[in-house]
Amino acid sequence: MNTRMRTSWNQGFCSWSRAAVTISRLRAGPSRMNGAEDRRLPRLNWYPWLRHRQEGLQAKGQNFVLEDSTFWIFGGSIHYFRVPREYWRDRLLKLRACGLNTLTTYVPWNLHEPERGKFDFSGNLDLEAFILLAAEVGLWVILRPGPYICSEIDLGGLPSWLLQDPDMKLRTTYKGFTEAVDLYFDHLMSRVVPLQYTLGGPIIAVQVENEYGSYDKDPAYMHYVKKALEDRGIVELLLTSDNKDGLRKGGIHGVLATINLQSQQELLLLTDFLLHAQGIQPRMVMEYWTGWFDSWGDPHHILDSSEVLKTVSAIINAGSSINLYMFHGGTNFGFMNGAMHYNEYKSDVTSYDYDAVLTEAGDYTAKYFKLRDFFSSLSGDPLPPPPGLLLKTTYEPVMPGFYLSLWDALKYLGEPIMAENPINMENLPVNDGNGQAFGYTLYETTITTSGILSGRVCDRGQVFVNKVSIGFLDYSNKKIVVPLIQGYTVLRILVENRGRVNYGLNIDDQRKGLIGNLYLNDAPLKKFRIYSLDMKKSFFQRFGLNWSSVPDEPTFPAFFLGILMVSPSPLDTFLKLEGWQKGVVFINGQNLGRYWNIGPQKTLYLPGVWLKKGVNQVIVFEEMMAGPVIQSVEVPHLGRQQYID
């Protein structure tokens, strides 16, 4: 078996080396393409050697076959949207140097179509550039375009504007959903179809949706997604991917079923099921979980490197191809993180370190070197040398010198939305009618009495009487006592969307903000002023120069402004907010993500490529209590600094 694996592994890389050279030339620009202006067009067929491509990846008996050769998929997952674009090459080179031959990635619809009909494939979302870079490095690609992807991302990668429809049924053939998917796929597939193997690209397989068997609300839905892909030109091998909860219901005729797991015990059970369900077909573990994601307030998940090696070895020795999920997790920058909500709502932390093969900052781990030794034993040729370490540094602490309370900031945000009743985030009349996707929303109204305040708040609402915080409303605390007051009083609720659920049966019920009426002594409150606090780059520009010095006793919530000096050249670091309680950090307008002193995450990853030599602007939005400084700490190359006190 090892001899066969070595042969197919080598053939895979040899056949691709010619493709990598050609695609590298194509990436150089239009002058290398005989005047062509769009690298996405299938002009790759002009190159003579590509005419010899006849059959892409196929399932033949118990083997994958690429052209005439048995092919083993040794894959690793990296999500381009979780890694700074400047580091894509570094991470992909490390993947190949580990002995892997295939990249897998999800495609997040919510990031690519943040407003209905307005698509963004630029900068860090340049999917085509990521795929072409994988090709240049010498990797095949398995694409997982959804439309639902799970991925511990807000709403499983579905756009929040879908929830403006009160009758929306996500992940079904409900007309409002399929019409939106059709328009998205029209755009997305025009970009990825030319990058398929049969057209000279690196994409050898495409996944149909994601873990649908554990959802299974519409028997026609998976057939719809399959047809939607094929009708738009997807011709490569189609796959499904399901865990133990969904494998019995996630399959579809004509599509190869693959499995997701973490233990050897699951491997035995699920491979037996696959054999009975689809006969003799190639086996593949689409997601071997190399670690796990973390939730705020829970312990950090760790999976021992020796255990990982044993399971990976067992999977391959059982005759199965494999994809390491995650090879490199990266970061839930901004507000992109998802959540789980079974008995208790749990939102995911900013770090997507995942205890993966590479750390959040892309550093090597014990898992990396053990797996590299293992995959090297399956290769007849030496593996490429691993790239060198990316340097880290410690900068001088940032002492915020300027401050703006939220209450003072409101006058710079424009007129509030006036509404008789509360409006949930998704239905606010903002962003050209697409509602608010992420961030905070502030609701204000006037009250004239004390009593019991109640209502449905998603996910966490800090309640204020005038400017004084009196507590929180959330999933656990559904009522709060409003103290005795006199005369004209402003009741305020600052509601945070902590992340929409990304997995489970309740994704239709993920509207955020105040949902329905807000009651005082069981009487619905009326006449609200609503502020959308999405905290995009343009949000802070409205503040202008209207900052003041930090007072001895700041009023919270508040924005704090400081300067991070960088000299001589920017390097990666981690920010530690000791003494701060809960909030968000922005560097030069980039949203690094949330921090919270309940852990387990202790620091925020700051990529050096987001810094510049000299002055760098640091803004912290803090909800409750500010520390004296923002520290910078260096990560040990085999450590995971974001979880170290």
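Only a predicted model underlies this, so the values are computations on that prediction, with no experimental measurement involved. (Residues numbered from 1 in each chain as written. Predicted model: local features only at pLDDT ≥ 70, side-chain atom pairs only at ≥ 80, totals over all residues. Heavy atoms only, no water.)

1. Observations concerning the overall build of the chain
Consideration 1: Helices and strands together make up the secondary structure of the chain, namely 11 helices and 32 strands.
Consideration 2: Here the C-alpha radius of gyration of the chain, 26 Å, is about what a compact globule of 645 residues would show, namely 26 Å.
Consideration 3: Based on the C-alpha atoms only, the size of the chain along its principal axes is roughly 85 × 55 × 55 Å.
Consideration 4: Classification of the 645 residues of the chain by burial places 61% in the buried group.
Consideration 5: In the chain, of all internal contacts separated by at least 6 residues, the share reaching a separation of at least 24 is 79%.
Consideration 6: Between the averaged position of the 63 positive side-chain charges in the chain and that of its 66 negative side-chain charges there is a distance of 3 Å. (Helix = DSSP H or I, 4+ residues; strand = E, 2+ residues; numbered from the N terminus. Rg over C-alpha atoms; globule rule 2.2 N^0.38 Å. Buried < 20%, exposed > 50% of the residue type's maximum accessible area, 1.4 Å probe, protein only. Contact = heavy atoms within 4.5 Å. Lys, Arg positive; Asp, Glu negative; His and termini not counted. Charge placed at Lys NZ, Arg CZ, Asp CG, Glu CD.)

2. Overview of the pattern of salt bridges
Side chains that differ in sign of charge can pair as their charged atoms come close.
Consideration 1: According to the stated counting rule, one finds 32 salt bridges in the structure shown.
Consideration 2: One salt bridge connects Arg500 with Glu426, and the closest N-O pair in it is separated by 2.7 Å. Taken together, the positions of Arg500 in the loop between strand 21 (489-496) and strand 22 (513-520) and Glu426 in the loop between strand 15 (417-419) and strand 16 (440-447) put the pair 74 residues apart, joining distant regions of the chain.
Consideration 3: On the basis of relative accessibility, which here comes to 0%, the residue Arg500 falls in the buried class.
Consideration 4: Of the residues examined, Glu426 reaches a relative accessible area of 0% and is grouped as buried.
Consideration 5: Measuring nitrogen to oxygen at the nearest pair gives 3.2 Å for the salt bridge that ties Arg529 to Glu444. Taken as a pair, Arg529 in strand 24 (residues 528-533) and Glu444 in strand 16 lie far apart in primary sequence, 85 residues in all.
Consideration 6: On the basis of relative accessible area, Glu444 is assigned to the buried category, the value being 4%.
Consideration 7: Residues joined in a network through salt bridges with shared partners are Arg460, Glu496, Lys582, Arg594 and Glu623. (Salt bridge = Lys/Arg side-chain N within 4 Å of Asp/Glu carboxyl O.)

3. A short note on the packing of aromatic side chains
Consideration 1: Scanning the entire structure with this criterion turns up 44 aromatic pairs.
Consideration 2: Ring centres 5.2 Å apart and planes at 70° place the aromatic pair Trp289 and Trp292 in the edge-to-face group.
Consideration 3: Residue classification places Trp289 among the buried positions, given a relative accessible area of 10%.
Consideration 4: An angle of 55° between the planes, with centres 6.1 Å apart, marks the rings of Trp296 and Trp596 as tilted. Of the two residues, Trp296 is situated in the loop between strand 10 (283-289) and helix 8 (305-317) and Trp596 in strand 29 (residues 590-596); the sequence distance between them amounts to 300 residues.
Consideration 5: Taken together, the ring pairs connect Trp109, Trp161, Phe177, Tyr184, Phe185, Tyr212, Tyr215, Tyr221 and Tyr224 into an aromatic cluster.
Consideration 6: The ring of Tyr352 has Arg82 lying over it, and the distance from NZ or CZ to the ring centre is 3.8 Å. (Phe/Tyr/Trp six-rings, centres within 6.5 Å; stacked < 30°, edge-to-face > 60°. Lys NZ or Arg CZ within 6 Å of the ring centre and 35° of its normal.)

4. Things to note about the nonpolar core
Side chains of nonpolar character tend, in soluble globular proteins, to be buried together.
Consideration 1: Residues Tyr288, Val312, Phe327 and Val585 are the most contacted members of the largest nonpolar core, which totals 133 residues.
Consideration 2: For Phe327, the contacting residues outside a window of four places in its chain are Gly76, Ser77, Ile78, Arg91, Lys94, Leu95, Cys98, Leu100, Ala356, Val357, Leu358 and Tyr368. (Core = buried A, V, L, I, M, F, W, Y, C linked by side-chain atoms within 4.5 Å.)

5. Focus on helix 8
Consideration 1: End to end, helix 8 covers 18 Å across 13 residues, agreeing with the expected 18 Å (1.5 Å per residue, within 8%).
Consideration 2: Within helix 8 the residues assigned to the buried category are Ser305, Val308, Thr311, Val312, Ser313, Ala314, Ile315 and Ile316.
Consideration 3: The distance from a side-chain oxygen at the start of helix 8 to the backbone nitrogen of Ser306 is 2.9 Å, and the residue carrying that oxygen is Asp304.
Consideration 4: Immediately beyond the C-terminal end of helix 8, within one or two residues, lies Gly319, with a positive phi of roughly 90°. (Expected span 1.5 Å × (residues − 1). Polar contact = N/O pair within 3.5 Å; in protein donor to acceptor, adjacent residues only side chain to side chain.)

6. Let's talk about the sheet that holds strand 28 (residues 582-587)
Consideration 1: Pairing is antiparallel across the open sheet formed by six strands, whose spatial order is 25-14-26-31-28-29. Taken across any chain shown, the strands that pair with only one partner, and hence form the sheet edges, are strand 25 (548-549) and strand 29.
Consideration 2: Sheet topology note: the strand 14 (residues 402-405)/strand 26 (residues 558-566) ladder contains four bridges and is antiparallel. Each residue of the ladder has a partner; that of Ser405, found in strand 26, is Ala558. (Pairing = 2+ DSSP bridges.)

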